[in-house]
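Residue strings, one per chain:
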Amino acid sequence: ASLTALQLELNGLRQRIASGADDASALTAQIDAMLDIAHTAMDAVRRILNDLRPGVLDHLGLWAALECLLNDVQARSAVACTFAYAPTVERCRPGREVEIAVYRIVQEVVTNVLRHANATRIALLAEAQGSDVVLTVSDNGRGMRVPERPSTFGLLGMAERARAVGAELDIASRPGAGTTVRLQLRGVLG
């Protein structure tokens, strides 16, 4: 929307200049308005890029990035968020591709909870099970009927990301009983 508005403003400015408009203050005001629109668009692009791959993921790792995600959700919504993980899990760095996939899966789960579940609580637990790390995201929302085969873009994306990094994804839910998403990362603990 911002880029469309900027394009319209630029076309209008071109027409004013082509028609010989010599009111410098009016042209300056229009340029200032276009700069404001461009600033808004740049902020939106930065926000989108950060949502896709937050800097904290590179600098502090997966667990800090997930904690930041939940803190952000809690700050901008009425949903209480908790995150617990064992020291063994905290020291685990499963690799860049796995970290990105896990972050995006958890982000999609949280987005779905906020959009559809009418939940008041989200809990994320990361625990060690042998050489595997198991992440469980639970909510106390309205639940859903889990399709045998994912058919929506969000569910398909989560399943594909999990499969791409050799992880196992399981969704358990029923109407009125909340939802639990379990992601098992195989062999990531040394």
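Keep in mind it's a predicted model, so treat the numbers as computed, not measured.

A. Molecular detail of the nonpolar core. Counting residues in hydrophobic clusters, the biggest one holds 39 residues, and the most contacted among them are Trp-63, Leu-66, Val-106 and Leu-135. The element contributing the most residues to this core is helix α6 (residues 96–117), with nine residues. Look past the residues within four positions of Leu-135 in its chain and what remains in contact with it is Trp-63, Leu-66, Val-102, Val-106, Leu-124, Leu-125, Ala-126, Val-181, Arg-182, Leu-183 and Leu-185. Leu-13, Leu-27, Met-34 and Ile-37 belong to the second largest nonpolar core, which has five residues in total.

B. The packing of helix α4 (residues 62–76) against α6, seen in detail. Running from amino to carboxyl end, α4 crosses α6 at an angle of 15 degrees, the nearest separation of the two axes being 10 Å. Between α4 and α6, the interaxial angle falls into the category roughly parallel. Note that α4 runs across α6; the crossing there is right-handed. The segment α4 lies against α6, with Leu-62, Ala-65, Leu-66, Leu-69, Leu-70, Val-73 and Arg-76 engaging Glu-99, Val-102, Tyr-103, Val-106, Gln-107, Val-110 and Leu-114. Across the contact of α4 with α6, the residue classes tally to eleven nonpolar, one polar and two charged.

C. Main features of the packing of aromatic side chains. All told, the structure shown has two aromatic pairs when counted by the stated rule. With centroids separated by 4.6 Å and ring planes inclined at 50 degrees, the aromatic side chains of Phe-83 and Tyr-85 adopt a geometry described as tilted. Taking the relative accessible area as the measure of exposure, Phe-83 reaches 19% and is therefore buried. Every member of this aromatic cluster is reached through a ring pair, and the members are Trp-63, Phe-83 and Tyr-85.

D. Up close: the environment of Ala-101. Here Ala-101 lies in helix α6. Residue Ala-101 is classed as buried on the basis of its relative accessible area, which comes to 7%. Measuring from C-alpha to C-alpha, the distance between Ala-101 and Gly-157 comes to 9.9 Å, with 56 residues separating the pair along the chain. Excluding residues that lie within four positions of it along the chain, Ala-101 makes contacts with Arg-161 and Val-165.

E. Spotlight on the pattern of salt bridges. Inspection of every chain in the model, using the stated rule, returns five salt bridges. With a shortest N-O distance of 3.0 Å, Asp-72 and Arg-76 are connected by a salt bridge. Remark: Arg-76 and Asp-72 occur in helix α4; sequence separation between them is four residues, near one turn of the helix. Between Arg-93 and Glu-99 there is a salt bridge whose closest N-O contact spans 2.8 Å. Under the relative-accessibility criterion, Glu-99 is labelled buried at 5%. Each of Asp-132, Glu-168 and Arg-186 takes part in salt bridges that share partners, so that together they form one network.

F. Molecular detail of the pairing of strand β5 (residues 179–185). For β5, a buried count of five out of seven residues is recorded, marking the element as mostly surrounded by other parts of the structure. Relative to β5, strand β3 (residues 132–139) runs antiparallel, the two being bridged by seven bridges. Pairing of Thr-136 across the sheet is with Arg-182, part of β5. In the sheet, strand β4 (residues 167–173) pairs with β5 via seven bridges, with the strands oriented antiparallel. Within β5, the residue paired with Asp-170 across the bridge is Arg-182. The hairpin turn running from β4 into β5, its antiparallel successor, is five residues long, and Gly-176 in that turn takes a positive phi close to 85 degrees.

Conventions used here
- Residues numbered from 1 in each chain as written.
- Predicted model: local features only at pLDDT ≥ 70, side-chain atom pairs only at ≥ 80, totals over all residues.
- Heavy atoms only, no water.
- Core = buried A, V, L, I, M, F, W, Y, C linked by side-chain atoms within 4.5 Å.
- Buried < 20%, exposed > 50% of the residue type's maximum accessible area, 1.4 Å probe, protein only.
- Helix = DSSP H or I, 4+ residues; strand = E, 2+ residues; numbered from the N terminus.
- Contact = heavy atoms within 4.5 Å.
- Axes fitted to C-alpha atoms, helices over the stretch in contact; angles between N-to-C directions.
- Parallel < 35°, antiparallel > 145°, perpendicular 65-115°, else oblique.
- Left-handed = near helix turned anticlockwise from the far one by under 90°.
- Nonpolar A, V, L, I, M, F, W, Y, C, P; charged D, E, K, R; others polar.
- Phe/Tyr/Trp six-rings, centres within 6.5 Å; stacked < 30°, edge-to-face > 60°.
- Salt bridge = Lys/Arg side-chain N within 4 Å of Asp/Glu carboxyl O.
- Pairing = 2+ DSSP bridges.

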